[in-house]
Amino acid sequence: MIGMDEKLSFFKDGVRLDGRRSDELRPIKIEVGVLARADGSCYMEMGDNRVIAAVYGPREVHPRHLQEVTRAIVRYRYNMASFSVEERKRPGPDRRSNEVSKVSREALEPVVLTSYFPKSVVDIFVEVLQADAGTRTAGINAASVALADAGIPMKSLISSCAAGKVDGEIVLDPMKIEDNLGEADVPIAMTPGGDITLLQMDGRLTKDELKRAVDLAKAGCRQIYEIQRKVLVDRYSHMEPEICDEAVAMAGEEI
Amino acid sequence: MIGMDEKLSFFKDGVRLDGRRSDELRPIKIEVGVLARADGSCYMEMGDNRVIAAVYGPREVHPRHLQEVTRAIVRYRYNMASFSVEERKRPGPDRRSNEVSKVSREALEPVVLTSYFPKSVVDIFVEVLQADAGTRTAGINAASVALADAGIPMKSLISSCAAGKVDGEIVLDPMKIEDNLGEADVPIAMTPGGDITLLQMDGRLTKDELKRAVDLAKAGCRQIYEIQRKVLVDRYSHMEPEICDEAVAMAGEEI
Amino acid sequence: MIGMDEKLSFFKDGVRLDGRRSDELRPIKIEVGVLARADGSCYMEMGDNRVIAAVYGPREVHPRHLQEVTRAIVRYRYNMASFSVEERKRPGPDRRSNEVSKVSREALEPVVLTSYFPKSVVDIFVEVLQADAGTRTAGINAASVALADAGIPMKSLISSCAAGKVDGEIVLDPMKIEDNLGEADVPIAMTPGGDITLLQMDGRLTKDELKRAVDLAKAGCRQIYEIQRKVLVDRYSHMEPEICDEAVAMAGEEI
Amino acid sequence: MAEIRKDYLYHLVLKGERADGRRFDEYRDIVLETGLIRKADGSALVKLGKTQVMVGVKIQPGEPFSDTPNKGVIITNAELVPLASPSFEPGPPNEVGIELARVVDRGVRESGAIDLEALCITTGEKVWIIFIDVHILDDCGNLMDASSLGAIAALMTAKVPAAQYGLGEDYPLPVKDVPVATTAVEFGDAIIFDPDTDEESVADTKLTVITTADGSICGMQKSGPGSISQDAIHRIVDIACERAKEIREKFLEV
Amino acid sequence: MAEIRKDYLYHLVLKGERADGRRFDEYRDIVLETGLIRKADGSALVKLGKTQVMVGVKIQPGEPFSDTPNKGVIITNAELVPLASPSFEPGPPNEVGIELARVVDRGVRESGAIDLEALCITTGEKVWIIFIDVHILDDCGNLMDASSLGAIAALMTAKVPAAQYGLGEDYPLPVKDVPVATTAVEFGDAIIFDPDTDEESVADTKLTVITTADGSICGMQKSGPGSISQDAIHRIVDIACERAKEIREKFLEV
Amino acid sequence: MAEIRKDYLYHLVLKGERADGRRFDEYRDIVLETGLIRKADGSALVKLGKTQVMVGVKIQPGEPFSDTPNKGVIITNAELVPLASPSFEPGPPNEVGIELARVVDRGVRESGAIDLEALCITTGEKVWIIFIDVHILDDCGNLMDASSLGAIAALMTAKVPAAQYGLGEDYPLPVKDVPVATTAVEFGDAIIFDPDTDEESVADTKLTVITTADGSICGMQKSGPGSISQDAIHRIVDIACERAKEIREKFLEV
């Protein structure tokens, strides 16, 4: 992933170009319930990434033949706004966003209690308003909170972030320039209990480096989980006890 | 809408380039019942515009989920033949024809008695064979007659034409060159009673000019209405009394 | 179909460029039952053409509104692999493959006993892995055998090949260079009884030449039929008697 | 179509008759008007009985195909717009529309009707592109023959709009042959020409034969889910040559 | 929407009231933030009550249209993404999205807001292409006004990224006029501005009027399957000019 | 798949067995044939048990991407044609087909298997485009491994058709590494390699690991709506490296 000409140092005085340590996440901001029409929603910033997730459902499935008799289906649509990237992107799905939608859905499905709502659908929509490496992980984080906000029963939240390799070193949560010119990228998602629900990798790593990357990304997920949990607790602790209990329970019980 | 280089006079000796006065329509020709397969049809020429409208229905709705329980739905498809314009147009709908279809449908829906035919559809198809500014208004005029020819119950006919501004003057029914190089275009459609069912405007007008344009276009609609009415009366007066009565009643009762 | 510059002789010492006589087919290889998932399948080589046909069904029709109450519908999808032709072909159907699919389906429909399976569909899929003139006829031959392999009741097999005109002479089964630079191409398909179920022609022929071309192509079809029949008999003669009887009966009874 | 109607048509044919009184090899009335569409470079409205087809020809400069750098390009398209029949649906051409366009195209192309080399402007760079757009207005049967007739009539009256592109004066499109399509169906032993919608649906298999001015055949297409005997094929070809000659003489004399 | 809710809204209007307590000609609160999207060349987030719209502007070199070789190009698109409403579906823009984009485009284009000739780089070869992308985030009614406001606000704060393409220094997009769209619905005799989703669905016919800084009208669109009286049109135009002026002064002062 | 079949497979695994008698880390028989498609510049037919995949490679001159002006281009596509499985439908690739193509592509790209700089013809203008087309013929499970194997085998036997384009003599495509994909599923505590269709549908989550000749990992993909433990991941990676080595030695020795 790196060309000779573009060689540049990703570290200066022991810290990364944006001042982070190797094991440090970018600044995170999460707001829950930001949309009026959606059943649940969440706005998230991870560094320069800006994404919004909305959840609709459980609701009726169209077209009908997609219905499952014993459980709800989950749909996930990851979409980049035309203006979210350097060069204007044509509107609509491309091959990359199709793949991201698939793996993101499969990152969340393991915790959604789909058997509670046979024949229905839970629709998750993620819009990327600004992209700076890590939009799929930011989208999964936001979607997880939006699901909780929509009151969709889940075994737990899902938290997601990537680890990468730059200048031979394993780093947490690579930003755009590290991702473009780095040597590897390993996005993961996991439950608070440590089960991996998303795992992709590209670049080049030894077995040992891979292990360190997964360990580091898991540590990142744990930090993100604490933030997700706090946001939900803050939002629902002002509500009537029973609603609050349910949301907080979901946010917390598995940690 | 006008560039300095292209400046030319749209009036010569007080009349327009094609010899019309400011408040004069282009020559109109209407033929009703021109197609054998359609339930109702109408061919119309307005100056150099040549359009055909066909109506099918009320008939069953496909796909089913578009059905409305309490009323018929109305669909309208405005389509330009590839050879209808200077530079060959790619077949199929583009953004402009999608918008024209929408506003044209909404120009006719107010008079169609949709509650008479729940769960069904009235399909209106308009093909533009030659275009010379004003095809949407010609299409609405033809579609209105085709609806009557199909025996679709309506509160009244709809008549449509545009007013424009060229060389600072408000003119009726702009032709292509006036539309391309003129300063504004205001297509309208209306019931014989004067209710506006289509109104669009682009270009630049003062409030006063707008009022004069709408007044002029309404006067044009009234003339067109008389022609539409005459064509239907002529056609159905040779028929059995009851059919004739119905069609003529529809054509005439509201004036 | 021929330009002056490209003029070349298609015959040398009385035989064609690949050593065949005018009335000789290219080498044919047929394998039946080559796919595990399909209900019936057949791989076929005709000269440099390589095609695979699969049959699924009778099975349920999706979408439902395509169902026929009194009979099975037959679908046929002819598809060329991107790498099957000189210049890479964009994946997916184009206008040519749509037409080939239609005429190929109509070449087989006359012998499929569709009334045995109301409301169902018999799906035939033909993939061209390498193309060298005559893919539609190879596809029909393979599909016919695959239908028998799937146990779809048929009145008879269908056999297909083309005749062409090169250097003023009528030849059987033109290969690519003969097709590209020749003067006419006449693909046909027929039942063992001689009924024509596919007939197309392009190029330029006199009435007399057309007759000779059809006669020659029919003779080719009869040879192909013998090969198809032998392949099916060989395959099913090792099976339990009743299955064998049925397949062999189908393969043979009409000759 | 109702079974009873099918039986009726069959029985008529057994008696040597057709529902509209025509002889088996008789065409419906043909009306041909050219030049109605001023914005097209050539156009023709064909009425074949109640069937109505408008064909427009547009001619524009464009790039040649890389394997024929000194030849003009023909692109034929047919739109079965839903205005023309309750069975047509909006959307890109389905296989019926594609087949129609390709058969019309085959007639024009294989007959050598257009002198493509005369349409080269700069070898390998710029040639004239001929767009033949078939727009079906009313489908009362036998679209193949109506569309093919419209196409050659529109081409024969088309002008190459050279002046508009600074390429000299306009000139008539160079037409070298006059292909005519003739379609028939087999009804038991009978062969019926120019089928209307009912006859098409009863017979379910058509044969279209396209012939050139010198009586050669330049295109054929069997269409529909049935079979046809070789004998019928040759009988259709014979009559098609005659019918095409009549149509050519009546409507397409240069 | 349930019939009972419709009746309720109607009765409120008869009493001179609206469900959220606004006057008939009163807008919901407007919040406008520009420059939030660093990767866009201009951007604006508009909140109109609970309606939220993000507009991004991207500016790239490209080819001019052949009939305007010395003018920049404006391309406007609106995405009604399914995140924004239970009634929006994935897929290419439907007619509602297309109409929205075209009305936003009409305001920008017909007002002459952008000096297109100043966006020519090399006549006939290269000009700046302005992409205006309207991304609906939350549809709580009156997308036309919110999107139009977002578009002009994003344009007014946009920079032409010349440096990135080796075409000199970045400079602000030359904006010459400030079109503002104002939408109203007719409710019996009453005219109600800035309708929310409920009001839109009850009234079923909207009129959007786009005005320029000098009080001219540069675009109008009646939208919805009903009719409107000429009297209502002129009353809406009068108030639209006033409202647009207020919005321009409050949010769009250069 | 019927529940009863699922239970059966689960119970087998608990006993340390698989339905077809394989060990947990055992592959089905692999048959690899290259060069069958003369019209392609490289081709490979892979049989992995009953799974059959044909991969064709076409190499043509074209334009480079603007951000890599001196590098060839790889374009990978996978067609899950309906011939190959009752669950495949005609139409453009769905998300399963897209994922398959992208994982195959990832292996080739990230391993650096193709020396892209050696495929530059004229910097910024013309480079060789490598089209890798994966054509699934019979889906009996584990398409990822079969397709990846077919892709690298086709590439290793491909010739750059330079002569045909007047660009010198044909030469073998420069291949620098040999990525091999290995896929496993987690079944309770057991890890099962090279799953067939039944095993895929019971386990519902797969992990594909792509390794290079030097034992590095150059691509991974968890696929399916379940979760996987970190422990399982590392166990799969360990065995994948071994299996890949065997496959490389047996089938892909240069």
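The rules behind the values
- Residues numbered from 1 in each chain as written.
- Chains lettered and ligands numbered in written order.
- Predicted model: local features only at pLDDT ≥ 70, side-chain atom pairs only at ≥ 80, totals over all residues.
- Heavy atoms only, no water.
- Helix = DSSP H or I, 4+ residues; strand = E, 2+ residues; numbered from the N terminus.
- Buried < 20%, exposed > 50% of the residue type's maximum accessible area, 1.4 Å probe, protein only.
- Contact = heavy atoms within 4.5 Å.
- Areas by Shrake-Rupley, 256 points an atom, 1.4 Å probe, with all protein chains shown as cover.
- Rg over C-alpha atoms; globule rule 2.2 N^0.38 Å.
- Lys, Arg positive; Asp, Glu negative; His and termini not counted.
- Charge placed at Lys NZ, Arg CZ, Asp CG, Glu CD.
- Buried area = accessible area lost by both parts, 1.4 Å probe.
- Salt bridge = Lys/Arg side-chain N within 4 Å of Asp/Glu carboxyl O.
- Polar contact = N/O pair within 3.5 Å; in protein donor to acceptor, adjacent residues only side chain to side chain.
- Nonpolar A, V, L, I, M, F, W, Y, C, P; charged D, E, K, R; others polar.
- Pairing = 2+ DSSP bridges.
- Expected span 1.5 Å × (residues − 1).
- Axes fitted to C-alpha atoms, helices over the stretch in contact; angles between N-to-C directions.
- Core = buried A, V, L, I, M, F, W, Y, C linked by side-chain atoms within 4.5 Å.
- Phe/Tyr/Trp six-rings, centres within 6.5 Å; stacked < 30°, edge-to-face > 60°.
- Lys NZ or Arg CZ within 6 Å of the ring centre and 35° of its normal.
- pLDDT = per-residue confidence, 0-100.

(A) Spatial organisation of the overall build of chain A. Along the backbone of chain A there are five helices and 11 strands. A burial count over chain A gives 60% of its 255 residues as buried. In chain A, of all internal contacts separated by at least 6 residues, the share reaching a separation of at least 24 is 69%. If you sum the accessible surface of chain A, you get close to 9800 Å²; carbon and sulfur atoms cover 50% of it.

(B) Broad picture of the overall build of chain D. When helices and strands are tallied, chain D shows five helices and 12 strands. Whereas a compact globule of 254 residues would reach a radius of gyration of roughly 18 Å, chain D reaches 19 Å, a difference of no more than 12%. Taking the principal axes of the C-alpha coordinates as reference, chain D spans close to 60 × 40 × 30 Å. Taken across its 254 residues, chain D has 58% of its residues classed as buried. Taking the intrachain contacts of chain D between residues at least 6 apart in sequence as the baseline, contacts between residues at least 24 apart amount to 67%. Summed over its atoms, the accessible surface of chain D is roughly 9800 Å², and 49% of this surface lies on carbon and sulfur atoms. Between the centroid of the 26 positive side chains of chain D and the centroid of its 42 negative side chains there is a distance of 3 Å.

(C) Structural context of the interface of chain E and chain A. Contact with chain E, which involves 30 residues of that partner, is made by 30 residues of chain A. Each partner contributes to the roughly 2500 Å² buried at the junction of chain E and chain A, and carbon and sulfur atoms together form 57% of this total. Our count for the chain E to chain A interface comes out at four salt bridges. Notably, a salt bridge pairs Arg88(A) with Asp133(E), separated by 2.7 Å at the nearest N-O pair. Summed over the shared surface of chain E and chain A, the result is 16 residue pairs in polar contact (both at pLDDT 80 or more). Of all the secondary structure elements, the ones that give two or more residues to the side of chain E that touches chain A are strand E3 (51-62), strand E4 (73-79) and strand E6 (126-138) of chain E. In terms of residue count, the dominant contributor to the side of chain E that touches chain A is E3(E) (six residues). Looking at the side of chain E that touches chain A residue by residue, the classes come out as 14 nonpolar, eight polar and eight charged.

(D) Examining the interface of chain A and chain F more closely. With 30 residues of chain A in contact, the opposing surface of chain F contributes 35 residues. Carbon and sulfur atoms supply 50% of the area buried between chain A and chain F, which totals about 2900 Å² over both sides. Of all residues in chain A, Arg95(A), Leu199(A) and Arg204(A) bury the most surface against chain F, accounting for 24% of the area lost on that side. Our count for the chain A to chain F interface comes out at seven salt bridges. Here Asp177(F) and Arg204(A) are joined by a salt bridge, their closest N and O atoms 2.8 Å apart. The interface formed by chain A and chain F holds 23 residue pairs in polar contact (both at pLDDT 80 or more) in total. With 10 residues, strand E11 (residues 196-205) of chain A is the largest single contributor of residues to the side of chain A that touches chain F. The class makeup of the residues in the side of chain A that touches chain F is 11 nonpolar, five polar and 14 charged. Across four bridges, E11(A) lies against strand E12 (residues 217-223) of chain F in antiparallel orientation. Bridge assignment links Gln200(A) to a residue of E12(F), and that residue is Gln221(F).

(E) Focus on helix H2 (residues 135-149) of chain A. End to end, H2(A) covers 20 Å across 15 residues, agreeing with the expected 21 Å (1.5 Å per residue, within 8%). Where burial is concerned, most of H2(A) is hidden: 15 out of the 15 residues are buried.

(F) Spotlight on the sheet that holds strand E5 (residues 49-60) of chain B. Residue and element names in this part refer to chain B. Across the sheet, five strands lie side by side as E3-E4-E5-E7-E6; this open sheet has mixed pairing. The sheet is open, and its two edges are formed by strand E3 (28-32) and strand E6 (73-80), each paired on a single side. Ignoring which end each strand starts from, the neighbouring axes of this sheet average 15° apart. In terms of strand pairing, E6 meets strand E7 (residues 120-130) through eight bridges, oriented parallel. Counterpart to valine 74 in the pairing with E7 is valine 122. Along the sheet face, helix H2 (residues 135-149) touches E3, strand E4 (40-46), E5, E6 and E7 and points at about 150° away from the line of E4. In this fold helix H4 (residues 207-236) packs onto E3 and E4, with an angle of close to 30° to the strand it touches most, E3.

(G) Representation of unusual backbone geometry in the model. Residue Pro58(A) is reached from Gly57(A) by a cis peptide bond, and omega for that bond is -5°. Positive phi, normally seen in glycine, also occurs at Ala133(A), with a value near 70°. Here Ala133(A) is to be found in the loop between strand E7 (120-130) and H2. Phi is positive for Lys119(B), close to 70°, though the residue is something other than glycine. Look at Lys119(B) and you get partly exposed, because its relative accessible area is 45%.

(H) The pairing of strand E10 (residues 190-193) of chain E, seen in detail. Residues and elements named next belong to chain E. Of the two faces of E10, the one holding Ala190 and Ile192 and the one holding Ile191 and Phe193 are both buried throughout. Note that strand E9 (residues 180-187) and E10 share four bridges and pair antiparallel. Bridging across to E10, glutamate 186 finds its partner in isoleucine 191. Between E9 and E10, which pair antiparallel and follow one another directly, the connecting turn spans two residues, one of which, glycine 188, has a positive phi of 60°.

(I) View of the nonpolar core. Ranked by internal contacts, the top residues of the largest apolar core, which has 126 residues, are Ile124(B), Leu147(B), Ile132(E), Ile136(E), Leu155(E), Leu173(E) and Met220(E). No other element matches H4(B), which puts 11 residues into this core. Apart from residues lying up to four places away in sequence, Leu173(E) is in contact with Ile59(E), Ile114(E), Leu119(E), Ile130(E), Leu155(E), Ala158(E), Lys159(E) and Val160(E).

(J) Up close: the packing of aromatic side chains. Counted by the stated rule, this structure contains 12 aromatic pairs over all chains. On the numbers, 6.4 Å between centres and 50° between planes, the contact of Tyr116(B) with Phe117(B) is tilted. Relative accessible area serves as the criterion here: at 52%, Tyr116(B) is assigned to the exposed category. Residue class for Phe117(B) comes out partly exposed when judged on its relative accessible area of 27%. Ring geometry for Trp128(E) and Tyr165(E): centres 5.9 Å apart, planes at 70°, overall edge-to-face. Pair noted here: Trp128(E) is in strand E6 and Tyr165(E) is in the loop between strand E7 (159-160) and strand E8 (171-172), with a separation of 37 residues, a long-range link. Taking relative accessible area as the criterion, Tyr165(E) reaches 33% and is therefore assigned partly exposed. Lying across the ring of Tyr236(B), Arg235(B) places its NZ or CZ 5.8 Å from the centre.

(K) Looking closely at the side chain of Gln200(C). Tracing the chain through its elements places Gln200(C) in strand E11 (residues 196-205). Those residues in contact with Gln200(C) that sit more than four places away from it in its chain are Glu99(C), Val103(C), Arg136(C), Asp185(C), Val186(C), Pro187(C), Arg106(D), Met220(D) and Gln221(D).

(L) Looking closely at the pairing of E6(E). Residues and elements named next belong to chain E. Most of E6 is tucked away: 12 of the 13 residues are buried. Sheet topology places E3 next to E6; 11 bridges connect them, and they run antiparallel. Paired with isoleucine 59 across the bridge in E6 is isoleucine 130. Examined bridge by bridge, E4 and E6 share seven bridges and lie parallel to one another.

(M) Layout of the confidence of the model for chain D. On average, residues of chain D carry a pLDDT of 95, and 99% of them reach 70 or more. With a pTM of 0.95, the predicted complex shows an ipTM of 0.95.

(N) Layout of the sheet that holds strand E9 (residues 169-172) of chain A. With respect to topology, eight strands assemble into an open sheet ordered E9(A)-E8(A)-E10(A)-E11(A)-E12(F)-E11(F)-E9(F)-E10(F), the strand pairing being antiparallel. Two strands in the sheet have a free side with no partner beyond their single neighbour: E9 of chain A together with strand E10 (190-193) of chain F. Between one strand axis and the next, the sheet turns by 20° as a mean value, whatever way the strands run. Relative to strand E10 (residues 184-190) of chain A, strand E8 (residues 159-166) of chain A runs antiparallel, the two being bridged by seven bridges.

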